[in-house]
There are 2 protein chains.
Amino acid sequence: MLKILIVEDEKPISDLIVMNLTRAGYNCTALYDGESAADMLETNNFDLILLDIMLPKINGYELMEYIRPMNIPVIFITAKASLDDRIKGLTSGAEDYLVKPFEIVELLARINIVLRRYNKTESVLTFKDITVDTDNHIVKKGDTAISLTPKEFELLVVFIRNKNITLFRDRLYELVWPELIYSDELSETRTLDLHIQRLRKKLALKNDLKTIYNAGYRLAE
Amino acid sequence: MLKILIVEDEKPISDLIVMNLTRAGYNCTALYDGESAADMLETNNFDLILLDIMLPKINGYELMEYIRPMNIPVIFITAKASLDDRIKGLTSGAEDYLVKPFEIVELLARINIVLRRYNKTESVLTFKDITVDTDNHIVKKGDTAISLTPKEFELLVVFIRNKNITLFRDRLYELVWPELIYSDELSETRTLDLHIQRLRKKLALKNDLKTIYNAGYRLAE
DNA sequence: CCTCTTTGTATCAAAATTGTTTCAAAAAAT
DNA sequence: ATTTTTTGAAACAATTTTGATACAAAGAGG
């Protein structure tokens, strides 16, 4: 399980982030000032840090100097929407930044991108009793191996990486059938439905992989 | 909750705005001159600013110069109905303007449009114990998920985004059934009533979603 | 009260969307 | 080159959603 450190002094925002990241399958640690973050980083290992700029005691930029040698990706969270801050944030070594208030979906997307860039995406994904080893292309349900075709595999990975999130049809085509998005009419083909069907059958996901009528699908716990 | 800053020196008007925006679910801050507005903007983050042109100390145009780099949408409020002012307001970077005296409904509509344009609409809406996650198409009453059809969902979102406001029948058809507004007779169909009925039943809104006879409906707290 | 207008409800068929089967082309493996 | 596997198109079935119709109930105004 990937570990994310959230350093944000506004409790409601911090809580919101923690709640959503936990649900998305990350191990979260929330701290409310730069000093305790520095302490925590002494002894613990994190895969990603979400860092507010305005913090009590040690501010985000100062903490950044401390983090840089550790080679942990950082996404800045900033309340100030000024361009200056954006530039400063990125040049100080952050991987990305978000301006408050932001959409949770946006945050999750950024985290995904940054983790992938750092090769910190976990190679073994899980959903309930399903295990997906992305390095070796092995899928297990319980102890029995399930053989999936490449497209089925890709689709499953997308769903598990985005569990509890509704993936709209367009989005799924974008992610799994990028070659098709420029073709004429996606709505006239049953390709996605067909693969959903195959995943449901092979992995007995009838109740977990839900249809959201007129929207898409969601893998929910 | 979206934060709106109201900079208006005429106290009665300011109060009226604050009252109505608060009721509509916005977090309001009212200030009465340009200088304190500039101070406030130093440290706080807003999603939208309502700005009077004629202000003590620093006037609206001057303040606008200060706001522009922050990338916060501004709606000008002006007592002068002269064309000059209209042009100046828009070219100075405002998103929209309103001429006093204006209808509150008009103001709310403009705010909605501007916020949508800036992607600042909240993705999670609430009304009492009802939660609507517009990104994920999930509706909950308390902790139990309620499944709504697409039209029901749209209608509910419209009501929550316009809570405490009477939505006239025409307006509702305009917002949820835009494809029908060019057809002949809306009054001969029971479509809207039917969907109201379904929402009331599914979400137990009998007392909250009120019928305004000969007008429309209102979702009231 | 009675009448007219407006709103609420039940029923049901049409329309839209999703699920399933079959099968041939494309890709991969042998 | 041949066999096997994967993929997705086409046709069709099932399901869900939607709104028309018809009628009942409620409100407004005399």
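Just so it is clear, the structure is predicted and the values come from calculations on it, not from any experiment.

Colleague: An account of the pairing of strand E7 (residues 130-133) of chain A is requested, with residue identities and associated values reported.
Modeller: Across four bridges, the pairing between strand E6 (residues 124-127) of chain A and E7 of chain A is antiparallel. What sits directly across from Leu 125 of chain A, in E7 of chain A, is Val 132 of chain A.

Colleague: So what about the protein's contact with DNA strand C? Which residues, and what values?
Modeller: Arg 190 and Tyr 217 of chain A together with Arg 190, Thr 211 and Tyr 217 of chain B are the nearest of the 26 residues found near DNA strand C. Protein-adjacent atoms of DNA strand C, using a 4 Å cutoff, are sugar or phosphate at a proportion of 59%. One of the side-chain nitrogen or oxygen atoms of Arg 190 of chain B is found 3.3 Å away from a base oxygen of DNA strand C. Within the side chain of Tyr 217 of chain B, an N or O atom sits 2.5 Å from a phosphate oxygen of DNA strand C.

Colleague: Summarise the pairing of strand E11 (residues 209-212) of chain B; cite the residues concerned and give the values.
Modeller: Regular strands place side chains that alternate from one sheet face to the opposite one. All names here are of chain B. For E11 and strand E12 (residues 216-219), the ladder comprises four bridges, and the chain directions are antiparallel. Following the sheet pairing, Lys 210 is matched in E12 by Arg 218. Hairpin connection between E11 and E12: a loop of three residues separates the two successive antiparallel strands, and Asn 214 in this loop has a positive phi of roughly 65°.

Colleague: Tell me what's going on with the sheet that holds strand E2 (residues 27-31) of chain B, and back it up with residues and numbers.
Modeller: All names here are of chain B. The five strands are arranged E2-E1-E3-E4-E5 in an open sheet whose pairing can be described as parallel. Lying at the two open borders of the sheet, with one neighbouring strand each, are E2 and strand E5 (96-99). Going across the sheet, the axis of each strand differs from the next one's by a mean of 20°, ignoring polarity. In this fold helix H3 (residues 60-67) packs onto strand E1 (3-7), strand E3 (48-52) and strand E4 (74-78), with an angle of close to 155° to the strand it touches most, E3.

Colleague: Tell me what's going on with the pattern of salt bridges, and back it up with residues and numbers.
Modeller: Scanning the entire structure with this criterion turns up 16 salt bridges over all chains. Here Glu 106 of chain B makes a salt bridge to Arg 110 of chain B, at a shortest N to O gap of 2.9 Å. In this pair, Glu 106 of chain B and Arg 110 of chain B are both assigned in helix H5 (residues 104-117), four residues apart and thus about one turn of the helix distant. Using a relative accessible area of 32% as the deciding quantity, one classes Glu 106 of chain B as partly exposed. Looking at Arg 110 of chain B, the relative accessible area reads 21%, which means it is partly exposed. With its nearest N and O atoms 2.8 Å apart, the salt bridge here joins Arg 190 of chain B to Asp 193 of chain B. Three or more residues joined by partner-sharing salt bridges are found here, namely Arg 169, Arg 190 and Asp 193 of chain A.

Thresholds, definitions, all that
- Going along each chain's sequence as written, the residues are numbered from 1 onward.
- Lettering of chains starts at A and numbering of ligands starts at 1, both following the order in which they are written.
- pLDDT decides what is reported in this predicted model: residues at 70 or higher carry local features, side-chain atom pairs at 80 or more are listed and counted, and totals for whole chains, interfaces and linings draw on all residues regardless.
- Note that the side-chain values use all heavy atoms of the structure and ignore hydrogens as well as water.
- The pairing criterion is simple: DSSP has to find at least two bridges between the two strands.
- Secondary structure elements are defined from DSSP: runs of H or I of at least 4 residues count as helices, runs of E of at least 2 residues count as strands, and each element is numbered from the N terminus.
- Definition of nearness: a residue and a molecule or strand are near each other if at least one heavy atom of the residue lies within 4 Å of the molecule or strand.
- Polar contact criterion, stated in full: a pair of N or O atoms within 3.5 Å, where within protein one must be able to donate a hydrogen and the other to accept it, and residues adjacent in sequence count only if both atoms are side-chain atoms.
- To obtain an axis, a line is fitted to C-alpha atoms, over the contacting stretch when the element is a helix, and the angle between two such axes runs from 0 to 180 degrees between their N-to-C directions.
- Whether two residues are in contact is decided by their heavy atoms: any pair within 4.5 Å suffices.
- The salt bridge criterion pairs a side-chain nitrogen of Lys or Arg with a carboxyl oxygen of Asp or Glu, the two atoms within 4 Å.
- Residue burial is assigned from relative accessible area. The probe radius is 1.4 Å, only protein chains are included, and a residue is buried under 20% of its type maximum, exposed over 50%, and partly exposed in between.

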